[in-house]
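A closer look at the structure
So the chains spell out like this:
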Amino acid sequence: MNPKWNGQFSCFDLVAKTAARSRSVVRVLDIEIGGNDFVVMAGPCAVESESQLMHTAEAVAEAGARVLRGGAYKPRSSPYAFQGLGVEGLKILRKAREATGLAIVTEVMSEEDVDVIAEYADIMQVGTRSMENYALLEALGGCGRPVLLKRGMTATLEDLLRSAQVIAMAGNPQVILCERGIRTFETATRNTLDIAAVPVLKTVSHLPVIVDPSHAAGVRCLVPVLSRAAAVVGADGLIVEVHPCPEQAMSDGNQSLTFPEFRSMMDDLQPYLALQQEARQLSPELLPIGGAA
Ligand code: PEP
Ligand code: MN
């Protein structure tokens, strides 16, 4: 392993890769995240109505997604923007779960909401703006649900792993890391997808790593190609925004795929996933040269 990485990350002992612990699998219903499957989570940015969510849930399940995303509590850049349906949104998510069998991932923004969201969610999402909210991370230590920890938009990988360590130290080792793009000087995309974050994290940590191409790109036309890149560098899955009618979405419409676009993206991913499987057989971990711990 690159000695710099080793020195930098080994202090986060609960999440760092060791000879004894090279890979951890997070189990949700019958889904294994961080195992051999490439797990796709998909759905709208925000839960807007029952019909919007139910239609989306059916469409993404049919196309091969295993987890339904949808925010009931929305962190918005503007205080005037739609803030989410709250508990009503959670109840709609539960209905969609019952109808389709999809697991649910939804965002938690405050430690006060942890208990109520844990009643409805299979995976608790920590958004980019909350990655360093330690009161929230500590509260998630006892929530009994896996945590999807998104990288802060100005956070280094060391910062991300420190936050993962905080959740693990608080009693919850079930953490999934998510690269969702970071702020750079580039303005052509909403954020810059740090694709190298995937092999670095897979080298230094045993935790599963997924990619959010939607918030990285900010435009839907880039989402399929970034998803393919994620598959090839060894990500364990994706979280993707999909909406029945993106032009009418209450948030993140520009980056949301339509149902047919999502289906094509899933179909087009298949050869890349096969390539990843083949490469894994040659070298069990898709890691940088000399990357194995
Ligand atoms: C989201 O998933 O809709 C979201 C707000 O993501 P992020 O925290 O990465 O901006
Ligand atoms: Mn969004």
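A short tour of the structure in this document, coming up. (Residues numbered from 1 in each chain as written. Chains lettered and ligands numbered in written order. Predicted model: local features only at pLDDT ≥ 70, side-chain atom pairs only at ≥ 80, totals over all residues. Heavy atoms only, no water.)

1. Overview of the coordination of the manganese ion (ligand 2)
Note the following rule: Metal-coordinating donors are taken as N, O and S atoms lying within 2.8 Å of the metal, or within 3.2 Å when the metal is Na, K or Ca; because water is left out, some sites can appear incomplete. Note on conventions: DSSP H or I runs of at least 4 residues are helices, E runs of at least 2 residues are strands, and numbering of each starts at the N terminus. Residue burial is assigned from relative accessible area. The probe radius is 1.4 Å, only protein chains are included, and a residue is buried under 20% of its type maximum, exposed over 50%, and partly exposed in between.
Around the manganese ion (ligand 2), the protein contributes the donor atoms C45 (SG), H215 (NE2), E241 (OE) and D252 (OD), which lie 2.0 to 2.4 Å from the metal centre. Written as a sequence motif, the donor residues of the manganese ion (ligand 2) are C-x169-H-x25-E-x10-D. Taken together, the positions of C45 in the loop between strand 3 (39–43) and helix 2 (50–62) and E241 in strand 10 (residues 237–241) put the pair 196 residues apart, joining distant regions of the chain. Of the two residues, C45 and E241, both sit in the buried class.

2. Quick notes on the side chain of K74
Worth spelling out the cut-off: Under the counting rule used here, the positive set is Lys and Arg, the negative set is Asp and Glu, and His together with the chain ends is not counted. Between Lys or Arg on one side and Asp or Glu on the other, a salt bridge is scored when a side-chain nitrogen of the former is within 4 Å of a carboxyl oxygen of the latter. Should any heavy atoms of two residues lie within 4.5 Å, those residues are counted as being in contact.
With respect to the element layout, K74 can be found in the loop between strand 4 (67–69) and helix 3 (87–100). Although K74 lies buried, it forms no salt bridge, and the closest oppositely charged side chain, E107, sits 5.0 Å away as judged by the N-O distance. When residues no more than four places from it in sequence are discounted, the contact partners of K74 are C45, A46, R69, F82, Q83, G84, M109 and S251.

3. Side note on the sheet that holds strand 9 (residues 209–211)
What counts here: Here, strands pair whenever DSSP counts at least two bridges between them. Every axis corresponds to a line fitted to the C-alpha atoms, with the helix fit spanning only the stretch in contact, and the corresponding angles, defined between N-to-C directions, vary from 0 to 180 degrees.
Reading around the circumference, 3-4-5-6-7-8-9-10 is the order of the eight strands in this closed barrel, with parallel pairing throughout. Each neighbouring strand pair of the sheet contributes to a mean axis angle of 25 degrees, computed without reference to strand direction. Here two bridges tie strand 3 to strand 4, and the two strands are oriented parallel to one another. Along strand 4, the bridge assignment pairs M41 with V67. Strands in contact with helix 7 (residues 197–204) are strand 8 (175–179) and strand 9; relative to strand 9, the strand with the most contacts, it is inclined by about 170 degrees.

4. Examining the pairing of strand 6 (residues 123–126)
Applied cut-off: Handedness of a crossover is defined as follows: with both strands directed away from the viewer, a clockwise route from the first strand across the helix to the second makes it right-handed.
Alternating residues of strand 6 divide into I123 and Q125 and M124 and V126, and every residue in both groups is buried. In this sheet, strand 6 lies alongside strand 5 (residues 103–107) in parallel orientation, the contact comprising three bridges. Residue V105 lies in a different strand from strand 6, and its bridge partner there is I123. Tracing the backbone out of strand 5, into helix 4 (residues 114–120) and back to the parallel element strand 6 gives a crossover that is right-handed. Across three bridges, strand 6 lies against strand 7 (residues 147–150) in parallel orientation. Paired with V126 across the bridge in strand 7 is L149. The parallel pair strand 6 and strand 7 is bridged by helix 5 (residues 134–140), and the resulting crossover is right-handed.

5. As for the packing of helix 9 (residues 223–232) against helix 10 (residues 259–282)
The relative placement of two packed helices is expressed as an angle between their axes plus a distance between the axes. Under the convention used in this document: Angle categories: roughly parallel below 35 degrees, roughly antiparallel above 145, roughly perpendicular from 65 to 115, and oblique for all the rest. The handedness criterion is simple: a crossing whose near helix is rotated anticlockwise from the far helix by less than a right angle is left-handed, and one whose near helix is rotated clockwise is right-handed.
Viewed as axis vectors pointing N to C, helix 9 and helix 10 meet at an angle of 20 degrees, and their least axial separation amounts to 9 Å. In this view, helix 9 runs roughly parallel relative to helix 10, as classed from their interaxial angle. Between helix 9 and helix 10 lies a crossing of right-handed hand. Across the interface between the two elements, V223, P224, S227, R228, A231 and V232 of helix 9 pack against M265, D268, L269, Y272, L273 and Q276 of helix 10.

6. With respect to the site of ligand 1
Applicable threshold: One heavy atom suffices: a residue is near a molecule or strand as soon as one of its heavy atoms comes within 4 Å of it. Here a polar contact is taken to be a pair of N or O atoms separated by no more than 3.5 Å, where protein atoms must pair a possible hydrogen donor with a possible acceptor and residues adjacent in sequence count only if both atoms sit in side chains. Per-residue accessibility takes into account occlusion by the displayed protein chains alone, with areas from the Shrake-Rupley method and a 1.4 Å probe.
Neighbouring ligand 1 are C45, R69, K74, E107, Q125, G127, T128, R129, K150, R180, H215 and E241. Here T128 contributes a backbone N or O atom positioned 2.8 Å from an oxygen atom of ligand 1. R129 places a side-chain nitrogen or oxygen 3.4 Å from an oxygen atom of ligand 1. Taking 300 Å² as the accessible area of ligand 1 by itself, protein coverage stands at 98%.

7. Quick notes on the environment of V225
In this fold, V225 is placed in helix 9. With relative accessibility at 39%, the residue V225 sits in the partly exposed group. Separated by 86 residues in the primary sequence, V225 and A139 place their C-alpha atoms 36 Å from one another.

8. Regarding the pattern of salt bridges
Pairs can form between side chains of opposite charge whenever their charged atoms are close. The full count for this structure, using the stated rule, is 14 salt bridges. As a salt-bridge pair, D122 and R97 come within 2.6 Å of each other at their nearest N and O atoms. With D122 in the loop between helix 4 and strand 6 and R97 in helix 3, this pair connects stretches of sequence that are 25 residues apart. Note on D122: relative accessible area 9%, which makes it buried. The salt bridge partner of R190 is D252, with a shortest N-O separation of 3.0 Å. Of this pair, R190 sits in the loop between strand 8 and helix 7 while D252 sits in the loop between strand 10 and helix 10, placing them 62 residues apart in sequence. When its relative accessible area of 36% is taken as the criterion, R190 is described as partly exposed. A single network of salt bridges, built from pairs that share partners, joins R151, E179 and D194.

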